[in-house]
Amino acid sequence: MPTRRQCANAIRVLAMDAIEKAQSGHPGAPLGMADMAEALWRHVLKHNPANPHWFDRDRFVLSNGHASMLLYALLHLTGYGLTMDEVRNFRQWGTRTPGHPERNPDLGIEMTTGPLGQGIASAVGMALAERMLAARFNTSEYSIVDHRTWVFLGDGCLMEGVCHEACSLAGTWRLGKLNALYDANGISIDGKVDNWFTEDVAARFRAYGWQVIGPVDGHDYAALDAALAEAKKDTIHPGLIICRTHIGFASPQADSAACHGAPLGKENIAATRKALGWCDPPFTIPEDILVAWDARVQGQAAEDAWQNVFDAYAAAYPDKAAEFSRRMRGDLPEDWADITKVMLDDAVSAGENIATRVASRKALECLVSHLPELVGGAADLTGSVGTCTSASTPLDVAAYTGNYVYYGVREFAMSAVMNGLALHGGFIPYAGTFLSFADQAKNALRLAALMHIRAVWVMTHDSIGVGEDGPTHQPVEQLGMLRLTPDIHVWRPCDGVETAVAWRCALESATAPTVLSLSRQKTVFCARNPQQIRDIARGGYILHACEGTPDIILIATGSEVGLALEAAKALTQQGRKARVVSMPCTSVFDAQDAAWREHVLPSAVRVRMAIEASAADWWRKYVGLDGEVLGMVGFGASAPGKVVFEKFGFTVTHVLELAEHMFNKLGL
């Protein structure tokens, strides 16, 4: 039987060999954290490598994602099906071992990490999901939701602001089944952290309301076992275990930044092997160590025991069991079509000139009352963004009931926690802030897109129409930034009907996050025929048609669609045939077939104008070289909204001037 150190050394040699072969990577952290990983993964973690999708598995997040070879070594050794060839081809094209972990539920990788701090922040969301699901579905006889969330993190994660935001929330929410093991090696890329990270981490986390254990020797198995056992006893306070470790353990470059982000080199690897007493060649693990690591038998036994409990639960509570299974699968309710029909019919029949943020709240009134998996929230802007409904109840951390979270002024943490809720399963998170504050949340939105998760950001006050609050609160470049981010759907609806369709599409989008860009100012209700209503879901469609081929096409979104319609009417009076295209979601429109795109924007029509109170350059691809964009080329200004629109040229008169310029330029 191999010793525990020998088992940990298997992680070390796989990490340094794979990084050396790739000539790229971060060996220091895997070498330093291997003993921590052995203590957790071989003796505490509840998981089944044969079924990474088991509902009641513990979640493990490697927040310091640059230590990815630690995770890949663990997945290979414990039996997750990550082959030695894939380990050998670390950081190469087409393998499942990229430079930083990328979410792969089939392989046991819970989330994409690399941007420091976001792993621990999203783990807060996972732990919250576990507590809320347990409160909803567990009974006095049966506990079908009972698992923990484990995080490895380093000095860099603790320096990031999102860690402060999220860990503060974790303490407030009393997430006692969240435990983080802090690799306190005192080294970052620039060297020893003494000159830039000297705070009392233990005191800081105690102030958050966490249980703090240690510092312990991160290479002492007895100390690690005792710390893990102590952490599990406290189910009220999230736990931070401070582990003093040596980065690059056993290598000649230990305790220095030299081993942080570069291969050790052949000579140093040979010296490390000698120090570890490891005699086997690269990518070769002795059979007895492989047997000691293999977690499939005990993992299957744990899942089988849980399945027996769940089967009894399902017999006693069939409706609850069916709802739990549906939500964990991510399926929408069977009556989803009926729910959305009511929502859409209400928007059509109302025919109101309202702000789209108000239209969104009306849609949510229908959705929240019918979808128990929806969990809403806001970054201290609940009344402004309209995310709280009559069916919303605040999160009660004494019982973990409720479906609405007050995140406070924490846009970044809110977004990362939303990611964690979605990743855990059982919830579809949505939450709101102002569009101008998308900047604070952007990296979490980017990770949401990379991970292809279903979450909805309600971002209101979406243009210079915000008015008196001025340019700090008037988003100009944010829509372009978000639209340029792959795999995010950005919807900017023009009225209540488009808003209802946007919500339906957002919740049906199981593999991409959605941003709803909503107005503070009122928008004009647009009458449509049934076909036009169906066409909204295609991202761009003909809202106002003319006979025959149009002379000019006006493309607009959001509150500016009303301006386009007024301008089209004026152009018609001038004898010009004008078409208005509403394009609430450019990514969805771009994904339509060529026939549809040609139908909406016929290439023969060269006179085109895009109208949106946002950065102008985004729209050039739709209007072509001969077209015009009525947009923003600078920041906004503080004044009443109508005045701001007028001063920046968002008037019928200016639209007609630009149109006449295009006609004259083309000799039409």
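Structure's up top.
Residues numbered from 1 in each chain as written. Predicted model: local features only at pLDDT ≥ 70, side-chain atom pairs only at ≥ 80, totals over all residues. Heavy atoms only, no water.

Enquirer: Can you help me understand the state of the cysteines in this one?
Expert: Covalent bonding between the sulfur atoms of two cysteines is what defines a disulfide. Scanning the model with the defined rule gives zero disulfides in all. No disulfide involves Cys243; its sulfur sits 14 Å from that of Cys157, the nearest cysteine. Given a relative accessible area of 0%, Cys243 falls into the buried group. A disulfide-free cysteine, Cys259 has its sulfur positioned 17 Å from the sulfur of Cys157, the nearest such atom. Judged by its relative accessible area of 0%, Cys259 falls in the buried class. (Disulfide = S-S within 2.5 Å. Buried < 20%, exposed > 50% of the residue type's maximum accessible area, 1.4 Å probe, protein only.)

Enquirer: Can you help me understand empty space enclosed by the protein in this one?
Expert: Taken as a whole and judged by the stated rule, the model has three cavities of 30 Å³ or more. Lining the largest cavity are Trp41, Leu45, His47, Asn48, Asn51, Pro52, Arg57, Asp58, Phe60, Tyr80, Gly108 and Glu110. (1 Å grid on protein atoms, 1.4 Å probe; cavity = no way out; pocket = protein on both sides within 12 Å on 5 of 7 lines; lining within 4 Å. Points joined across faces, edges and corners; volume = space filled by probe spheres on them.)

Enquirer: Which parts of the structure should I look at to understand the sheet that holds strand 12 (residues 489-491)?
Expert: Adjacent strands of a sheet form backbone hydrogen bonds with each other and so pair up, either parallel or antiparallel. With parallel pairing, six strands are arranged side by side in an open sheet as 9-8-10-11-13-12. Strands at the two margins of the open sheet, each flanked by one partner only, are strand 9 (404-406) and strand 12. Across the sheet, the mean angle separating the axes of adjacent strands is 20 degrees when strand polarity is ignored. Judged from the three bridges that link them, strand 8 (residues 374-378) and strand 9 form a sheet pairing that is parallel. Note that in strand 9 the partner of Gly376 across the bridge is Tyr404. Strands strand 8, strand 10 (428-434) and strand 11 (456-460) of the sheet are contacted by helix 17 (residues 411-424), whose axis makes an angle of about 165 degrees with strand 10. (Pairing = 2+ DSSP bridges. Helix = DSSP H or I, 4+ residues; strand = E, 2+ residues; numbered from the N terminus. Axes fitted to C-alpha atoms, helices over the stretch in contact; angles between N-to-C directions. Contact = heavy atoms within 4.5 Å.)

Enquirer: What's the story with the packing of aromatic side chains in this structure? I'm lost.
Expert: To describe a pair of aromatic rings, one takes the distance between the centres and the angle between the planes. Under the definition given, this model contains 23 aromatic pairs. Look at Phe137 and Phe324: their rings are 5.2 Å apart centre to centre, the planes differ by 70 degrees, and that puts the pair in the edge-to-face class. Linking Phe137 in helix 5 (residues 118-137) with Phe324 in helix 13 (residues 318-329), this pair joins segments that are 187 residues apart in sequence. Relative accessible area serves as the criterion here: at 0%, Phe137 is assigned to the buried category. Measuring from centroid to centroid gives 5.8 Å for Phe645 and Phe650, while their planes differ by 80 degrees, and the two rings are edge-to-face. Owing to a relative accessible area of 7%, Phe650 belongs among the buried residues under this scheme. Counting every residue linked through ring pairs, the aromatic cluster contains Trp54, Phe55, Phe137, Tyr142, Trp306, Phe310, Tyr313, Tyr317 and Phe324. The cationic tip of Arg42 hangs over the ring face of Trp293; the distance from NZ or CZ to the ring centre is 5.9 Å. (Phe/Tyr/Trp six-rings, centres within 6.5 Å; stacked < 30°, edge-to-face > 60°. Lys NZ or Arg CZ within 6 Å of the ring centre and 35° of its normal.)

Enquirer: What exactly am I supposed to notice about helix 12 (residues 296-316) here?
Expert: An α-helix turns once per 3.6 residues; consequently, residues spaced three or four apart project the same way. The end-to-end C-alpha separation of helix 12 is 30 Å, in line with the 30 Å expected for 21 residues at 1.5 Å each. Taken as a whole, helix 12 has its buried residues at Gly299, Glu303, Trp306, Phe310 and Tyr313. Along the axis of helix 12, the buried positions cluster into a sector of 70 degrees, meaning they face one direction only. In helix 12, the exposed positions angled more than 90 degrees off the buried face are occupied by Val297, Asn308 and Ala315. (Expected span 1.5 Å × (residues − 1). Arc of directions from axis to C-beta.)

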